[in-house]
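Chain by chain, the residues run as shown.
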Amino acid sequence: MRKPLPVTPKLLLAYGVYTVLVSVHLAWALKAMEWPWVVLAGGGGWVFWTFFEYLLHRWGFHEPPGAPAAHKYDIHWDHHRVPQDPERIITSLWLSLPIAALFWGLLWLIAQGHPIMGAVYAGIGVGYLGYETLHYLMHVRPVPPFRFLRKLWRHHYLHHYKEPNRYYGVTVRWWDYVFGTA
Ligand SMILES: [Zn+2]
Ligand SMILES: [Zn+2]
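Small disclaimer: the values here were computed from a predicted structure and weren't measured. (Residues numbered from 1 in each chain as written. Chains lettered and ligands numbered in written order. Predicted model: local features only at pLDDT ≥ 70, side-chain atom pairs only at ≥ 80, totals over all residues.)

(A) Structural context of the overall build of the protein. Along its length, the protein carries eight helices and zero strands. Scaling as 2.2 N^0.38, a compact globule of 182 residues should have a C-alpha radius of gyration of about 16 Å, and the protein matches this with 17 Å. Along the longest, intermediate and shortest principal axes, the C-alpha atoms of the protein span 50 × 45 × 35 Å. Relative to its full complement of 182 residues, the protein shows a buried share of 25%. For the protein, restricting intrachain contacts to residue pairs at least 6 apart in sequence, the fraction spanning at least 24 positions comes to 68%. (Helix = DSSP H or I, 4+ residues; strand = E, 2+ residues; numbered from the N terminus. Rg over C-alpha atoms; globule rule 2.2 N^0.38 Å. Buried ≥ 20, exposed ≤ 12 C-beta atoms within 10 Å, placed from the backbone. Contact = placed C-beta atoms within 7 Å.)

(B) Quick look at unusual backbone geometry. Notably, Gln112 is not glycine yet its phi reads approximately 55 degrees, a positive angle. Its place among the elements puts Gln112 in the loop between helix 5 (93–111) and helix 6 (116–140). Residue Gln112 is classed as exposed on the basis of its C-beta count, with 8 C-beta atoms lying within 10 Å.

(C) Spotlight on helix 2 (residues 35–62). For helix 2, spanning 28 residues, the distance from its first C-alpha to its last is 39 Å, which sits close to the expected 40 Å at 1.5 Å a residue. Listed in full, the buried residues belonging to helix 2 are Val38, Ala41, Gly42, Gly45, Trp46, Trp49, Thr50, Glu53, Tyr54 and His62. Those residues of helix 2 that are buried lie in contact with helix 1 (9–32), helix 6 and helix 8 (174–178). (Expected span 1.5 Å × (residues − 1).)

(D) Fine view of the confidence of the model for the protein. Looking at the protein, pLDDT values average 92 and 94% of them are 70 or higher. Summarising per-element confidence for the protein, the mean pLDDT is lowest in helix 3 (residues 75–81) (88) and highest in helix 8 (98). (pLDDT = per-residue confidence, 0-100.)

(E) Here's a closer look at the packing of helix 2 against helix 6. Two elements in contact, helix 2 and helix 6, have axes whose closest approach is 7 Å; the angle formed by their N-to-C orientations is 45 degrees. Here helix 6 runs oblique to helix 2, going by the angle between their axes. Crossing hand, helix 2 versus helix 6: right-handed. Between helix 2 and helix 6, the contacting residues are Val38, Ala41, Gly42, Gly43, Gly44, Gly45, Trp46, Phe48, Trp49, Thr50 and Glu53 on the first element and Ile116, Ala119, Val120, Tyr121, Ala122, Gly123, Ile124, Val126, Gly127, Tyr128 and Tyr131 on the second. In terms of residue class, the contact of helix 2 with helix 6 is made up of 14 nonpolar, seven polar and one charged. (Axes fitted to C-alpha atoms, helices over the stretch in contact; angles between N-to-C directions. Parallel < 35°, antiparallel > 145°, perpendicular 65-115°, else oblique. Left-handed = near helix turned anticlockwise from the far one by under 90°. Nonpolar A, V, L, I, M, F, W, Y, C, P; charged D, E, K, R; others polar.)

(F) The arrangement of the nonpolar core in detail. In this structure, Ile116, Ala119, Val120, Tyr121 and Ile124 are the most contacted members of the largest nonpolar core, which totals 22 residues. Going through the elements one at a time, helix 1, helix 2, helix 5 and helix 6 are the ones with two or more residues in this core. In terms of residue count, helix 6 provides more of this core than any other element does, nine residues in total. For Ala119, the contacting residues outside a window of four places in its chain are Ala29, Met33, Val38, Ala41, Gly42 and Gly45. (Core = buried A, V, L, I, M, F, W, Y, C linked by C-beta atoms within 7 Å.)

(G) Helix 1, seen in detail. Between its first and last C-alpha atoms helix 1 spans 35 Å; for 24 residues at 1.5 Å apiece the expected length is 34 Å, and the two agree. All of the buried residues along helix 1 are Ala14, Tyr18, Val22, His25 and Ala29. Looking at the buried positions of helix 1, the neighbouring elements they touch are helix 2, helix 5 and helix 6.

(H) Representation of the packing of helix 1 against helix 5 in the model. Closest axis-to-axis distance for the helix 1/helix 5 pair is 11 Å, and the angle between their directions is 15 degrees. Here helix 1 lies roughly parallel to helix 5, going by the angle between them. The hand of the helix 1/helix 5 crossing is right-handed. Contacts between helix 1 and helix 5 pair Leu13, Ala14, Val17 and Leu21 from the former with Leu93, Ser96 and Ala100 from the latter. Taken together, the residues that form the contact of helix 1 with helix 5 break down as six nonpolar, one polar and no charged.

Dropping the structure here:
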């Protein structure tokens, strides 16, 4: 029998908070806009998320290169030290919530309260939840039998076990190809 997934309060909390945030913003957009536009704007939010994921992981946690000692005590290196520990995989709310609030504020300034921001924000939130889900599974479950997922798993394992200054993308690999870190 398969071992049950290690579900922790931190994981449930993150899922709970962001599922509510995504649902509220999605409902706002769907009430005011035709659904194809919601899908399009949400897709834009998701693409933005994938870029932010790369940006934060590379320049927030790993670079400048040659300075891993500088990160010795930070949360991301804590994850690198014991990658399988579920407590260190899921991002704490005290890190994710200020970022979520910042994005909300920026979107509000850009969209001036237009409901399209609900769709973009929901897309970013879906990207984030997808990231937590995939990253979590990458560390607590073996490589899945699907080609596409196998490539993603391998990409992240290379980052952990071979070259920590490459392979930064977790949910998509394309930014590593764009920036030459694959
Ligand atoms: Zn990892
Ligand atoms: Zn890393």
